[in-house]
Amino acid sequence: MMKMPLPIGKPLRTQRVPRSRLGYRDCLQTQKTFAGTPGTLPTAPLYTKGGPMSHALSTALLLASAAMLQAQSTLIQNARVFDGVRMLPRASVLIVDAKIQAVGPDLTLPAGAHLIDAAGKCLLPGLIDAHAHIQSPEDLKTAVVFGVTTYLDMFTLHTMAAAMRAEQQAGKAFDRADLRSAGTLVTAPGGHGTEYGVSIPTLAGAKDAQAFVDARIAEGSDYIKLVKDDGSAFGFHRPTLDRQTLAAAIAAAHLRKKLAIVHIATLQDARDALESGADGIAHIYAGPPDPAIVREAAARRVFWVPTLAVNAEGCPEQSAAIADDPRLAPYLSPQAVSNLRARQLAAHFNADACPAMFEAVRQLKAAGVRIFAGTDVPNPGTAHGASLHAELELLVKAGLTPVEALAAATSQPAAAFGLSDRGRIAPGLRADLLLVEGEPDRDIRATRNIAGIWKLGVAISRPAPSPASLPAAPAATADTRPDFTGTWKLNETLSGTPAGGVREVVFIIEHKDPNFKYSATGKRAFNAAFSEAYECTTDGKLPADPAKVSMAGNWQSATLLLSLYKDGKELMKFSFRVSADGKQMTREADLPGGRKIREVYDRQ
């Protein structure tokens with residue numbers, strides 16, 4: 001189980017357990033919960049004047065907030081310190097008010113300051129998610145619980161973003177990640193971004209590009225997000241910006257000294273974005289890596305945000321264990337866990353495409369292209385805050401060193417987006433800090449061992465782990481294991497090519513240690529019936545008669561692992577997992593020839 005954070009004195013703000021939002025691709029419809037017309041803000045006291053909160057109470061709270069901002073000092077001693085660029089083997093960091101005042105090996109403890117002995121721990125700048133989407137302030141409150149202190153949002157309701165930025169400037173957002181936002185993205189009529197039930201303006205041609213971009217800037221966009229994606233990577237067609245319009249919109253952003261970041265999905269999209277003058281590319285492309293694209297990206301000095309956490313959701317390299325990691329799971333809501341286990345892109349970015357994606361990132365890194373950590377949260381397979389730790393692990397698996405991955409989530413995006421007050425640990429910068437147990441420069445997963453978080457010098461109090469959110473303990477009796485028995489139908493929108501063409505199946509798994517029975521009957525493609533039944537062992541031994549086709553299996557917590565044998569040789573591996581609500585089952589298979597299959601079934 002995760003250790004509780006270090007005692008860091010009485011926190012200035014106490015944060016309640018956050019709740020995650022619905023998947024972004026399913027819903028950018030937060031306005032449906034708002035009062036008024038599309039694009040208006042909620043009528044909660046957070047946004048409205050003259051709401052339920054009285055003026056006197058509001059004034060009292062503002063005065064209390066101002067009092068909390070009076071001089072506060074904290075000295076963090078004996079830590080290994082990643083300053084955003086390099087690792088200092090031993091240093092102390094003095095925080096005064098909202099800023100870092102000093103960094104050095106031996107600092108004097110000021111009178112009245114909090115003292116934290118961080119021996120055996122590592123202090124990092126607060127993490128930056130360089131590609132996220134917000135739907136409410138709660139998303140930012142969730143993110144900060146995982147040490148993510150800045151969000152670079154790439155498309156949301158501009159009215160909500162503007163209101164949240166105003167609160168930040170007024171000093172009312174200490175308990176949530178700092179926000180920068182593209183607001184409304186630049187897309188073609190009917191293009192990506194128009195499918196979420198929210199009416200947004202679209203760009204029909206190059207002649208309107210400057211006026212369109214200027215309107216976004218007037219709404220408060222901190223940078224400009226553009227879409228070059230015709231849906232072909234996902235097996236369908238939708239309109240997208242043509243090359244001339246894309247180039248005109250990027251030039252319009254540059255005229256106003258704004259960064260232009262282009263969402264892409266294919267190699268040709270990436271080529272068009274680069275040749276049109278993009279400053280940054282969002283997502284790694286589908287298909288084989290192209291050295292010419294890598295050279296072009298390096299020559300143009302763009303940055304790239306691969307978002308492996310979402311693009312590689314169907315890959316074996318994906319860190320699907322986030323939802324089960326005892327360092328993170330206690331702070332995940334049930335909705336976040338469900339979203340982490342969801343799979344939307346697996347049918348397109350599947351195991352066959354994964355090596356190419358990771359190789360593309362390796363080539364970009366080798367060529368010196370700046371790579372930033374971003375998650376595309378809250379798409380299926382992600383969760384606010386937690387998924388940035390998965391992204392760091394995936395970037396290391398794609399060829400970055402742990403130190404390079406840490407820079408990709410701190411100093412590098414801060415510099416690119418003009419956030420000169422953060423991303424590093426140096427005197428005069430914001431005291432947005434993350435303290436972790438262990439050595440993340442050697443094992444990047446140590447970022448999950450969170451021991452303390454500060455936002456503008458304010459200690460963030462993490463919520464106490466909820467027993468309901470803790471990962472399931474290894475099954476000791478049959479009663480703790482999920483029930484697979486029943487009729488399940490393949491969810492073809494969530495699954496890749498099914499193993500054996502299975503479409504509908506009835507599983508019966510009798511839990512009897514050390515052996516259990518497994519049987520499956522159902523229909524394959526074209527309604528061809530099938531039936532199979534096996535006696536399984538759970539002691540790790542081969543079946544008694546190796547000449548027969550049979551199975552051996554075991555339980556790992558709530559996951560059932562099965563291996564199919566014939567003539568004493570393992571032919572296939574399967575894993576079965578049922579969702580917490582019992583409505584979906586995931587079956588993964590390792591097939592001959594190195595093929596990997598992921599199927600999602602709905603309980604009938």
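My aim in this report is to walk through the structure given alongside it, one point at a time. Given the structure is predicted, the values throughout are model-derived calculations rather than measurements.

### Brief notes about the nonpolar core
Membership of the largest hydrophobic core comes to 82 residues, with the highest contact counts inside it found for Tyr 151, Leu 226, Ile 284, Tyr 285, Trp 304 and Leu 308. In contact with Ile 284, other than residues within four places in its own chain, are Ile 264, Trp 304, Pro 306, Leu 308, Asn 311, Met 357, Ala 360, Val 361 and Leu 364.

### Re the sheet that holds strand 7 (residues 127-132)
Strand order in the open sheet formed by three strands is 7-8-9, and the pairing between neighbours is parallel. With partners counted over all chains shown, the strands left at the sheet margins are strand 7 and strand 9 (178-181), one partner each. Going from strand to strand, the sheet's axes swing by 20 degrees on average, the running direction of each strand aside. The pairing of strand 7 with strand 8 (residues 148-153) spans four bridges and is classified as parallel. Within strand 8, the residue paired with Asp 129 across the bridge is Tyr 151.

### Let's talk about the environment of Ala 162
Inspection of the secondary structure puts Ala 162 in helix 3 (residues 158-169). As a C-alpha pair, Ala 162 and Leu 179 span 17 residues in sequence and 9.7 Å in three-dimensional space.

### Digging into the sheet that holds strand 14 (residues 370-371)
Read from one edge of the open sheet, five strands run 10-11-12-13-14, paired in parallel fashion. Unpaired on one side and paired on the other, strand 10 (224-228) and strand 14 mark the two borders of the sheet. Relative to strand 11 (residues 260-264), strand 10 runs parallel, the two being bridged by five bridges. The partner of Lys 228 across the bridge, within strand 11, is Ile 264.

### Focus on helix 4 (residues 209-219)
Buried within helix 4 we find Ala 209, Phe 212, Val 213 and Arg 216. Viewed end-on, helix 4 has its buried residues packed into an arc of 95 degrees, placing them on one side of the element. Residues Ala 211 and Ala 218 are exposed on helix 4 and point more than 90 degrees away from its buried face. The secondary structure elements touched by the buried residues of helix 4 are strand 10 and helix 5 (243-255). Once helix 4 ends, the next one or two residues include Gly 220, with phi positive near 115 degrees.

### Looking at the side chain of Lys 228
For Lys 228, the location among the structural elements is in strand 10. With relative accessibility at 9%, the residue Lys 228 sits in the buried group. Beyond its immediate stretch of four places on either side in the chain, Lys 228 contacts Thr 240, Leu 241, Asp 242, Arg 243, Leu 246, Val 262, His 263, Ile 264, Ala 265, Asp 269 and Asp 272.

### Regarding the packing of helix 6 (residues 267-275) against helix 7 (residues 291-300)
It is the contact of helix 6 with helix 7, at a shortest axis distance of 10 Å, that shows an interaxial angle of 25 degrees. Here helix 7 runs roughly parallel to helix 6, going by the angle between their axes. Crossing angle aside, the handedness with which helix 6 passes helix 7 is left-handed. When helix 6 is examined against helix 7, the residues Leu 267, Ala 270, Arg 271, Leu 274 and Glu 275 are found in contact with a partner set consisting of Ile 293, Glu 296, Ala 297 and Arg 300.

### Describing the environment of Glu 195
Position of Glu 195 relative to the elements: it lies in the loop between strand 9 and helix 4. Here His 192 takes part through its side chain, which lies 2.7 Å from a polar atom of the side chain of Glu 195. Of the polar contacts made by the side chain of Glu 195, one reaches the backbone nitrogen of Gly 193; its length is 2.6 Å.

### Comments concerning the side chain of Ser 92
Looking at where Ser 92 falls in the secondary structure, it is placed in strand 3 (residues 87-96). A residue is classified by how much of its surface remains accessible, and Ser 92, at 2% relative accessible area, is buried. Here Ser 92 is in contact with Leu 75, Ile 76, Gln 77, Asn 78, Ala 102, Val 103, Gly 104, Pro 105 and Leu 107, once residues within four sequence places are set aside.

Definitions and limits used
- Residues numbered from 1 in each chain as written.
- Predicted model: local features only at pLDDT ≥ 70, side-chain atom pairs only at ≥ 80, totals over all residues.
- Heavy atoms only, no water.
- Core = buried A, V, L, I, M, F, W, Y, C linked by side-chain atoms within 4.5 Å.
- Buried < 20%, exposed > 50% of the residue type's maximum accessible area, 1.4 Å probe, protein only.
- Contact = heavy atoms within 4.5 Å.
- Pairing = 2+ DSSP bridges.
- Helix = DSSP H or I, 4+ residues; strand = E, 2+ residues; numbered from the N terminus.
- Axes fitted to C-alpha atoms, helices over the stretch in contact; angles between N-to-C directions.
- Arc of directions from axis to C-beta.
- Parallel < 35°, antiparallel > 145°, perpendicular 65-115°, else oblique.
- Left-handed = near helix turned anticlockwise from the far one by under 90°.
- Polar contact = N/O pair within 3.5 Å; in protein donor to acceptor, adjacent residues only side chain to side chain.

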